[in-house]
Amino acid sequence: MDSWFLAAVQGSSGNELFKAEDPLRRFCLGTLKNIPAQLICIVLVLGQAFLINNHLVASSDPKNTNLWIWFVGDGLIVLLFIAAFYFKEWRLTSLTSKHKDSTGFMKGLPLGILGWFLYATLLGTRIAIIFKKDVQLESEISDLRLTISGTALICVMFTIGHHHNKESLARRASILSLARNFTIDLLDTVEILNVLFEIAKEHKTDFPLVLEDIVLAIVTLNLLRPSVSLISLFMDHFSTRRRALEIKIAKTIMELLLLNIPLLTIRIYLSVHYGEFLSVFLVKNIMGSIVGMVEIYDCVYDIYEYKNEKVTESESSEPGKEGTDF
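None of the values given here were measured: they were computed from a predicted structure.

Parameters and conventions
Residues numbered from 1 in each chain as written. Predicted model: local features only at pLDDT ≥ 70, side-chain atom pairs only at ≥ 80, totals over all residues. Heavy atoms only, no water. Helix = DSSP H or I, 4+ residues; strand = E, 2+ residues; numbered from the N terminus. Buried < 20%, exposed > 50% of the residue type's maximum accessible area, 1.4 Å probe, protein only. Contact = heavy atoms within 4.5 Å. pLDDT = per-residue confidence, 0-100. 1 Å grid on protein atoms, 1.4 Å probe; cavity = no way out; pocket = protein on both sides within 12 Å on 5 of 7 lines; lining within 4 Å. Points joined across faces, edges and corners; volume = space filled by probe spheres on them. Nonpolar A, V, L, I, M, F, W, Y, C, P; charged D, E, K, R; others polar. Expected span 1.5 Å × (residues − 1). Salt bridge = Lys/Arg side-chain N within 4 Å of Asp/Glu carboxyl O. Phe/Tyr/Trp six-rings, centres within 6.5 Å; stacked < 30°, edge-to-face > 60°. Core = buried A, V, L, I, M, F, W, Y, C linked by side-chain atoms within 4.5 Å.

Colleague: What is the right way to read the overall build of the protein chain from this model?
Modeller: Within the protein chain, the regular secondary structure consists of 10 helices and zero strands. Going from the N terminus to the C terminus, the protein chain shows its helices and strands as α-α-α-α-α-α-α-α-α-α. Taken across its 326 residues, the protein chain has 45% of its residues classed as buried. Within the protein chain, contacts between residues at least 6 apart in sequence are counted, and of these 82% link residues at least 24 apart.

Here it is as structure tokens:
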């Protein structure tokens, strides 16, 4: 299945685990674990914070003395990320020593979800502030676009760094699929931001501010959207087929309502009212909407079939009935 829910439809007994068959692989999976991904994630977060705070300071009033709050927020994010990484490792070591299996939040602690939520909220807020100020000052946002795009790599490193080095192949595939889909969606929002910025500068007098606020809200909400994927991975909801399908429906509805349908509508509006050339991402929004609706239909149908299967199994397991499967 071409989505991060690949792991959701595979039972835990069918998952093939990574095996360290040579010294190099054993060193990477056993000794290093996820430390390289964790270090890269922290470095990227610090670099992104430096760039966006520098842009914020440059476009703000020199007399504004409240900008230090953003630096404090970035420090808190880094601490939460580090705590999520190493508290996870400590918990797994503790469970292993007691010969217990890690399930639910023990396999994915809420510190990671809280850290990403805070990270995305602060980043989205600063993007909105910088965007509005740069429109007024008619500045360039090329560095802002690059800074936002770096969020995709941070998401990849954060997710990989938060999961154990001996995760199943299915969960690894789901993480890589999350990275791919989030990167494309993030580039989609960056492109619409750039188009909106140029139009807002050229049409200051008649450009609707509500449209600007809507786009900025979409950008922030889509930065938060990986939380759904992270929650699913962290809580290990892949144990039952029905639960996995329900989560997939929720994730697909969010993609439709928070990304593809709104951005498709906005692109058509900008093209009709301002003569803006249609972006190639328009096709992506159309295809994403169609595929999303098909996925929702398929999931609803699969849930219905799953429910019928359970009813059939329950009836066949009753005493005195033939065909009982022992």
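Colleague: I keep staring at the confidence of the model for the protein chain and nothing clicks. Help me out?
Modeller: The predicted structure's coordinates, where accompanied by low pLDDT, should not be read in detail. Within the protein chain, residue pLDDT values average 75, and 71% of them lie at 70 or more. Within the protein chain, helix 2 (residues 35-58) carries the highest mean pLDDT (89), whereas helix 1 (residues 23-32) carries the lowest (54). Low pLDDT, under 50, characterises residues 1-21; the predicted model gives this stretch 50 contacts beyond four residues in sequence or across chains. Note on residues 102-108: pLDDT under 50 across the span, and 16 contacts to partners over four residues away in sequence or across chains.

Colleague: Any chance you could explain empty space enclosed by the protein here in plain terms?
Modeller: To locate leftover empty space, one rolls a probe as large as a water molecule over the atoms. Across all of its chains, the model carries four cavities of 30 Å³ or more by this definition. Estimates place the volume of the largest cavity at around 90 Å³. Considering the residues around the largest cavity, the lining is formed by 12 residues, among which Leu-178, Arg-225, Ser-229, Lys-251 and Glu-255 are closest to the centre. Elements that contribute at least two residues to the lining of the largest cavity include exactly helix 6 (169-202), helix 8 (226-235) and helix 9 (241-274). At four residues, the largest contribution of residues to the lining of the largest cavity is made by helix 6. For the lining of the largest cavity, a count of residues per class yields six nonpolar, two polar and four charged. Glu-191, Ile-192, Val-195, Arg-267, Leu-270, Ser-271, Glu-276, Phe-277, Leu-278 and Ser-279 together form the lining of the second largest cavity. Breaking the lining of the second largest cavity down by element, the ones donating at least two residues are helix 6 and helix 9. Each residue belonging to the lining of the second largest cavity can be placed in one class, and the counts come to five nonpolar, two polar and three charged.

Colleague: Explain the side chain of Arg-225 to me, please; I cannot follow it from the model alone.
Modeller: Mapped onto the fold, Arg-225 is located in the loop between helix 7 (209-224) and helix 8. Assessed through its relative accessible area of 8%, Arg-225 is described here as buried. Beyond its immediate stretch of four places on either side in the chain, Arg-225 contacts Asp-185, Met-254, Glu-255 and Leu-259.

Colleague: Could you clarify how one ought to interpret helix 2 in this entry?
Modeller: Three or four residues apart is the spacing at which side chains of an α-helix point the same way, because the helix has 3.6 residues per turn. Its 24 residues give helix 2 an end-to-end C-alpha distance of 35 Å, which sits within 8% of 34 Å, the value for a rise of 1.5 Å per residue. Buried within helix 2 are the following residues: Ala-37, Gln-38, Cys-41, Ile-42, Val-45, Gln-48, Ala-49, Ile-52, Asn-53, His-55 and Leu-56.

Colleague: Is there a simple way to think about the pattern of salt bridges in this case?
Modeller: Side chains that differ in sign of charge can pair as their charged atoms come close. What the rule picks out here adds up to 10 salt bridges. One salt bridge connects Asp-188 with Arg-267, and the closest N-O pair in it is separated by 2.6 Å. One end of the pair, Asp-188, is in helix 6; the other, Arg-267, is in helix 9, with 79 residues separating them in the sequence. For the residue pair Asp-188 and Arg-267, the accessibility class agrees, reading buried in each case. The closest approach of N and O atoms between Arg-225 and Glu-255, which form a salt bridge, is 3.5 Å.

Colleague: Explain the environment of Leu-76 to me, please; I cannot follow it from the model alone.
Modeller: Positionally, Leu-76 belongs in helix 3 (residues 68-97). Under the relative-accessibility criterion, Leu-76 is labelled partly exposed at 44%. Taking the C-alpha atoms as reference points, Leu-76 and Leu-118, separated by 42 residues in sequence, lie 8.9 Å from one another.

Colleague: Just checking my understanding: could you explain helix 7 for this structure?
Modeller: With 16 residues, helix 7 ought to run about 22 Å at 1.5 Å a step, and its terminal C-alpha atoms sit 23 Å apart, in line with that. What helix 7 keeps buried is the set Leu-211, Glu-212, Val-215, Leu-216, Ile-218, Val-219, Thr-220, Asn-222, Leu-223 and Leu-224.

Colleague: What am I meant to see in the packing of aromatic side chains here?
Modeller: As enumerated under the stated definition, the model contains nine aromatic pairs in all. Considering the side-chain rings of Tyr-269 and Tyr-274, the 6.3 Å spacing of their centres and the 70° angle between planes classify their relative orientation as edge-to-face. Among the aromatic residues, ring-to-ring pairing joins Phe-81, Phe-85, Trp-116, Tyr-119, Phe-158 and Phe-182 into one connected group.

Colleague: Even after reading the chapter, I still don't get the nonpolar core, so can you show me in this structure?
Modeller: General note: in soluble globular proteins, nonpolar side chains tend to be found buried as a group. By size, the foremost hydrophobic cluster in this structure holds 59 residues, and its most contacted members are Phe-81, Trp-116 and Ile-127. Contributions of two or more residues to this core are made by helix 2, helix 3, helix 4 (110-137), helix 5 (142-162), helix 6, helix 7 and helix 9. At 13 residues, the largest contribution of residues to this core is made by helix 6. Phe-81 has contacts with Cys-41, Ile-42, Val-45, Gly-115, Trp-116, Tyr-119 and Phe-158, leaving out every residue within four places of it along the chain.

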